[in-house]
Amino acid sequence: MTERRRTGRSHVSYIDKSREYYAAHGYEQPYAWAANDDAPFAPLPKPLAECKVGLITTAYFLPDGFVYRIPSDLPRTPHVAPRPEWPQLNTKHLSWAKDETHTDDPESFLPFARMDEWVAEGRIGSVSDRFYCLPTQFSHRKTTRRDAPQVIEWLREDDIDVALLVPL
Amino acid sequence: MGLGARQIEEAGIPTVVVGSARDIIEECGVPRFLFVDFPLGNPCGRPHDVAEQRLITGLALDVLEGAFQPRTTVQAPVVWDEADDDGWRRRFMHVGDDNRQALATAGAERRRLQAAQHTGGTT
């Protein structure tokens, strides 16, 4: 890695960029992002080497034959699925940098094989055989009242000790 | 995803978010965050780059294990493109004189489709 000098911050402000981008589309009311001063904190219940890890993604499944026209068509609902189904996840209609990269390797956002290696090396206890889809919602309420409680229920059914959440 | 992490943590399950939208996650405020300064899409490492994926997932586990207070952010020591580090940042959701009209047209079309949807139309 090389040393650089900068006259401004390096990381992208997606809040600023998306506001300008959607304003250019004619949406004058900017999206109101969640903002909090504090955050909860739960200590690890046991050593990580004994913990069962659950993987959570913002990708989700679409019904067969689904035809996309506009974002509000997308059925953004939480899912739980057995691990072999993960290559069928929809990422096409999520907002990511399609000019720069691709999501053909699910390990780049849902790293089951990497987790298997950490299990084999004794870094973690195990990884869940199911994964959990927590879609990004426009509505905070849908996330907090419907989707997150549903995912928590699945995590408990599967005796998950710690969760790794990967938003695309 | 940030709101979900908060709620899962509140339910007693420790979480770590591995993501590339630093401002969105940090404004939301999550217990533990591994920031990967990559274009959106591959927060766990470049496609098929196993060594990098191991580095990043290993760091995520370190953060899970080592954080001792909420709102802990760690930045992964990775660079997307040494030669063009600012290019991808500029290109994402670019708005400029070269595309302003096209974006306005796309927005108008989207609103037309949405209105048709709400009135039960099919176009």
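Calculation rules
Residues numbered from 1 in each chain as written. Chains lettered and ligands numbered in written order. Predicted model: local features only at pLDDT ≥ 70, side-chain atom pairs only at ≥ 80, totals over all residues. Helix = DSSP H or I, 4+ residues; strand = E, 2+ residues; numbered from the N terminus. Buried ≥ 20, exposed ≤ 12 C-beta atoms within 10 Å, placed from the backbone. Contact = placed C-beta atoms within 7 Å. Nonpolar A, V, L, I, M, F, W, Y, C, P; charged D, E, K, R; others polar. Pairing = 2+ DSSP bridges. Core = buried A, V, L, I, M, F, W, Y, C linked by C-beta atoms within 7 Å. Axes fitted to C-alpha atoms, helices over the stretch in contact; angles between N-to-C directions. Left-handed = near helix turned anticlockwise from the far one by under 90°. Arc of directions from axis to C-beta.

A. Examining the overall build of chain A more closely. When its secondary structure is counted, chain A shows three helices and five strands. The linear arrangement of helices and strands in chain A, starting from the amino end, is α-β-β-α-β-β-α-β. Seen through its principal axes, chain A has C-alpha atoms that stretch 50 × 50 × 35 Å. A burial count over chain A gives 33% of its 168 residues as buried.

B. Here's a closer look at the interface of chain A and chain B. Contacts between chain A and chain B engage 70 residues on the former and 68 residues on the latter. Of all elements in the fold, only helix 1 (14-24), helix 2 (112-120), helix 3 (140-157) and strand 5 (162-166) of chain A reach the threshold of two or more residues within the side of chain A that touches chain B. Considering every element that reaches the side of chain A that touches chain B, the biggest residue donor is helix 3 of chain A, with eight residues. Residue composition of the side of chain A that touches chain B, grouped by class: 38 nonpolar, 18 polar and 14 charged. Here three bridges tie strand 5 of chain A to strand 1 (residues 15-19) of chain B, and the two strands are oriented parallel to one another. From the neighbouring strand, Leu165(A) faces strand 1 of chain B, where its bridge partner is Val17(B).

C. Summary view of the nonpolar core. Counting residues in hydrophobic clusters, the biggest one holds 64 residues, and the most contacted among them are Ala163(A), Leu164(A), Val17(B), Val18(B), Leu34(B) and Ala60(B). Broken down by element, the residue count for this core peaks at six residues, all from helix 3 (residues 50-66) of chain B.

D. Up close: the packing of helix 2 of chain A against helix 3 of chain B. One can describe the packing of helix 2 of chain A onto helix 3 of chain B by two numbers: an axis separation of 10 Å at closest approach and a directional angle of 65°. Helix 3 of chain B is crossed by helix 2 of chain A, and the crossing has right-handed handedness. Counting all contacts with helix 2 of chain A, which are made through Arg114(A), Met115(A), Glu117(A) and Trp118(A), the residues of helix 3 of chain B involved are Gln53(B), Arg54(B), Thr57(B) and Leu61(B). Of the residues contributing to the contact of helix 2 of chain A with helix 3 of chain B, the split by class is three nonpolar, two polar and three charged.

E. Here's a closer look at helix 2 of chain A. Among the residues of helix 2 of chain A, Arg114(A), Met115(A) and Trp118(A) are the ones counted as buried. What you see down the axis of helix 2 of chain A is that its buried residues fit within an arc of 100°, all on one side. Where helix 2 of chain A is buried, its residues meet strand 1 (52-57) and strand 3 (126-127) of chain A together with helix 3 of chain B. Remark: Gly122(A) follows helix 2 of chain A within two positions and exhibits a positive phi of approximately 80°.

F. Representation of the pairing of strand 5 of chain A. Residue and element names in this part refer to chain A. Burial analysis of strand 5 places five of its five residues in the buried class, the great majority of the element. Pairing analysis gives five bridges linking strand 1 to strand 5, with the strands arranged parallel. Looking at strand 5, one finds that Thr57 is bridged to Val166.

G. Spatial organisation of the environment of Arg54(B). In this structure, Arg54(B) sits in helix 3. Arg54(B) sits in the partly exposed class, given 18 other C-beta atoms within 10 Å. C-alpha separation for the pair Arg54(B) and Trp88(B), spaced 34 residues apart in sequence, amounts to 24 Å. Excluding anything up to four places from it in sequence, Arg54(B) contacts Arg114(A) and Glu117(A).

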